[in-house]
Amino acid sequence: TNSIKLPYSCTLDCNGYTIRTNPTRGNGLNVNAIGTENQILTVKNGTLLHYEIGIRVSAGGVIVSNMTIVAYGGAPIGLYDTNIKYTDVNLIENATLVSENWGCITFNLADQDMTGTGITIRDSALIASKAGGNNLFIARASQPGTVTLGTNVDLYTYKTSVFSSVDMAGVEPLKLD
């Protein structure tokens, strides 16, 4: 329930374990740069189950590698940072992002210009389910950031919940050319 603020970059290696947060409210991991440091949080090798934003990047950058992030009420990744020096740092690779009721990646500063913020995704799957419509990427900002899709990115959207069974065997992904 408490925050840990580190004035430097670090790696959280989950070593195959699952981190669970409150199932009805709250964020998972927050990344907040302190002072003049160019902080980067690398999260790898595990599962994060949470309610609101799984990894909330308010300042700094994030690298997600070999992770499954499941959001019950929010987004797996929320980018709030408008600092352009992190544009080439935010990276998702070898990951599965699942959102039941929002989008998988959110540029989430309402009425702000986030054109300097970007995220690159490669070798990953994004799964979004929302009864009223499906969104993989959500921009509350007036000028959203940039999403760069690399190789082997599968995108799935559903109008009903997939949480009764997240087994996607036999489901064809949406491919973007």
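Only a predicted model underlies this, so the values are computations on that prediction, with no experimental measurement involved.

Asker: Got a minute to help me understand the overall build of the protein chain in this structure?
Answerer: Per the secondary structure count, the protein chain includes 0 helices and 15 strands. Considering only contacts in the protein chain between residues 6 or more positions apart, those separated by 24 or more positions represent 71%. Approximately 9,000 Å² of the protein chain is accessible, and the part contributed by carbon and sulfur atoms is 46%.

Asker: Looking at this model, I keep getting lost on the side chain of histidine 50. Mind explaining?
Answerer: Relative to the elements of secondary structure, histidine 50 occurs in strand β4 (residues 40-50). For histidine 50, a relative accessible area of 0% gives the class buried. Polar contacts involving the side chain of histidine 50 include one to the main-chain carbonyl oxygen of glutamate 52, which spans 3.3 Å. Apart from residues lying up to four places away in sequence, histidine 50 is in contact with Thr21, Gly28, Ile69, Val70, Ala71, Tyr72, Ala75 and Pro76.

Criteria and cut-off values
Residues numbered from 1 in each chain as written. Predicted model: local features only at pLDDT ≥ 70, side-chain atom pairs only at ≥ 80, totals over all residues. Heavy atoms only, no water. Helix = DSSP H or I, 4+ residues; strand = E, 2+ residues; numbered from the N terminus. Contact = heavy atoms within 4.5 Å. Areas by Shrake-Rupley, 256 points an atom, 1.4 Å probe, with all protein chains shown as cover. Buried < 20%, exposed > 50% of the residue type's maximum accessible area, 1.4 Å probe, protein only. Polar contact = N/O pair within 3.5 Å; in protein donor to acceptor, adjacent residues only side chain to side chain.

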